[in-house]
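Geometric and topological summary
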Amino acid sequence: MICQHCPRRCGAVREETLSGGICAMPALPVVARAALHFWEEPPISGTRGSGTVFFSGCPLRCVFCQNSVISQEGFGKPVTVERLREIFEELIAQGAHNINLVTPTHFAHAIVRALEKPIPVPVVWNTGGYERVETLRALEGKVQIYLPDLKYLDPARAERYSAAPDYPETAVAALREMVRQTGPCELDGDGLLRRGTVIRHLLLPGGLNEAKAVMDFVAETFAPGEIYFSLMSQYVPLGRAGEFAEINRKLRPSERRSAEAYMAALGLEGFVQDPDSASGSYVPNFDLTGV
């Protein structure tokens, strides 16, 4: 296939088992782990866990990626569309509240096919936020929950840390499309998210002004209750972060507290992470579990 899924639109030829493009992935989905996951936002993880499928490869090149072994080093196993559907069904049988697709963009073609027959739980599109609106429109009706990052509104930071200077305008357009599709966040009787969009922002060292700009944008753009906002403070310098002195450290408590206070002052409804999350122990064990 000639790939145009992500905003890079690299036009790479990706065959079943022949990798290509920025994501360096074949046409067949490559999966590194499929298991119940308990570390998402509470209305997604619930009590039984989110049925999380970690895909290999990524359209972004974030220097601090916690999952770089699969996003940039290619670890994972190719599976057929039929096997991908079986993985979804096996996770549901284990009690998953939803099917959570992590970094799925470059396999959208296969995921759409795997979801041709509806499944009985919500589908979560868990993404770095770097999405083409055209790709998202092909998912309408198949994805009930969008879980995107809004990493940057500063093109220079987006270029330095993710090699994507067009990230801000691209992610903003994608967010608008996601919210258009899902409508306001809707919980079931057990407090689980049935549909809606949860916007995440990972606070980076020295990134308090960026975080405030992101929160200002969200507060000004979306009506109260239309989305949830998730302020993430789990950053530790993983991946290639050691090559960038300004982010080669953990967050200072004052940075986290200031960001949380700003979120509260804006009245953004959502979630903040426990400070204990800033540990490498939360990174999943990519060992082909469930694949």
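Residues numbered from 1 in each chain as written. Predicted model: local features only at pLDDT ≥ 70, side-chain atom pairs only at ≥ 80, totals over all residues. Heavy atoms only, no water.

What follows concerns the overall build of the protein chain. Helix and strand counts for the protein chain stand at nine helices and ten strands. Its C-alpha atoms give the protein chain a radius of gyration of 18 Å, near enough to 19 Å, the size a compact globule of 291 residues would have. Residue pairs at least 24 apart in sequence account for 68% of intrachain contacts in the protein chain once pairs closer than 6 positions are excluded. Summed over all atoms, the accessible surface of the protein chain reaches about 12000 Å², with 51% contributed by carbon and sulfur. (Helix = DSSP H or I, 4+ residues; strand = E, 2+ residues; numbered from the N terminus. Rg over C-alpha atoms; globule rule 2.2 N^0.38 Å. Contact = heavy atoms within 4.5 Å. Areas by Shrake-Rupley, 256 points an atom, 1.4 Å probe, with all protein chains shown as cover.)

Empty space within the largest pocket amounts to approximately 980 Å³. Around the largest pocket sit 42 residues that line it, and Gln66, Asn67, Arg200, Met232 and Gln234 are the ones nearest its centre. Within the residue set of the lining of the largest pocket, elements represented by two or more residues are β5 (123–127), β8 (193–202), β9 (228–232) and β10 (270–272). Quantified by volume, the second largest pocket comes out at close to 160 Å³. (1 Å grid on protein atoms, 1.4 Å probe; cavity = no way out; pocket = protein on both sides within 12 Å on 5 of 7 lines; lining within 4 Å. Points joined across faces, edges and corners; volume = space filled by probe spheres on them.)

This paragraph deals with the nonpolar core. With 71 residues, the main nonpolar core has Val53, Phe64, Val218 and Phe229 as its most contacted residues. When residues in this core are grouped by element, the largest group, seven residues, is from helix α7 (residues 167–182). Aside from chain neighbours lying at most four places away, what touches phenylalanine 229 is Ile199, His201, Val214, Met215, Val218, Met263, Leu268, Glu269, Gly270 and Phe271. Of all hydrophobic cores here, the second largest spans nine residues; its members include Val124, Ile145, Val198 and Phe271. (Core = buried A, V, L, I, M, F, W, Y, C linked by side-chain atoms within 4.5 Å. Buried < 20%, exposed > 50% of the residue type's maximum accessible area, 1.4 Å probe, protein only.)

Further remarks concern the packing of helix α8 (residues 208–221) against helix α9 (residues 253–266). Axis separation between α8 and α9 bottoms out at 10 Å; the angle between their running directions is 15°. Taken together, the axes of α8 and α9 lie roughly parallel to each other. In terms of crossing hand, the pair formed by α8 and α9 is right-handed. Residues Leu208, Lys212, Met215, Asp216 and Ala219 of α8 touch α9, and the partners they reach there are Glu255, Ser258, Ala259, Tyr262, Met263 and Leu266. (Axes fitted to C-alpha atoms, helices over the stretch in contact; angles between N-to-C directions. Parallel < 35°, antiparallel > 145°, perpendicular 65-115°, else oblique. Left-handed = near helix turned anticlockwise from the far one by under 90°.)

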